[in-house]
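Listed below are the residues making up each chain.
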Amino acid sequence: MTQNDQHIRNTSFTPSPAHTALRRLTKVVGVILGMIIGIVVWVVVKPIIRGIGWVISILTVIAMIYLILTL
């Protein structure tokens, strides 16, 4: 590698204030969207999964009772 190539590769890049602000805004929006999605999953999907668990438990109990009564 020649000295010129190394110099070109290692040039310092200072982002503009607008670019820095845009990066911060993107991170903030990403965190807010992640929080909203997490709350929606917690409020909506969690009770549905819990309800499915209850249905599976009830069906298991019915199957066990059926097996005990048919022995």
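What you see is a predicted model, and the numbers here were worked out from it, not measured in a lab.

Observations concerning the overall build of the chain
Here comes step 1: Secondary structure summary: the chain contains two helices and zero strands in total.
Here comes step 2: Relative to its 71 residues, the chain shows a buried fraction of 0%.
Here comes step 3: Carbon and sulfur atoms make up 74% of the accessible area of the chain, which amounts to about 6900 Å² in all.

Topic: helix α2 (residues 17–69)
Here comes step 1: Between the first and last C-alpha of α2 there are 76 Å, a value that for 53 residues agrees with the 78 Å anticipated at 1.5 Å per step.
Here comes step 2: The largest bend in α2 amounts to roughly 35° and is located at V45, with the proline P47 lying one to four residues further along.

Thresholds applied
- Residues numbered from 1 in each chain as written.
- Predicted model: local features only at pLDDT ≥ 70, side-chain atom pairs only at ≥ 80, totals over all residues.
- Heavy atoms only, no water.
- Helix = DSSP H or I, 4+ residues; strand = E, 2+ residues; numbered from the N terminus.
- Buried < 20%, exposed > 50% of the residue type's maximum accessible area, 1.4 Å probe, protein only.
- Areas by Shrake-Rupley, 256 points an atom, 1.4 Å probe, with all protein chains shown as cover.
- Expected span 1.5 Å × (residues − 1).
- Bend = angle between axes of the 7 residues up to and from the residue.

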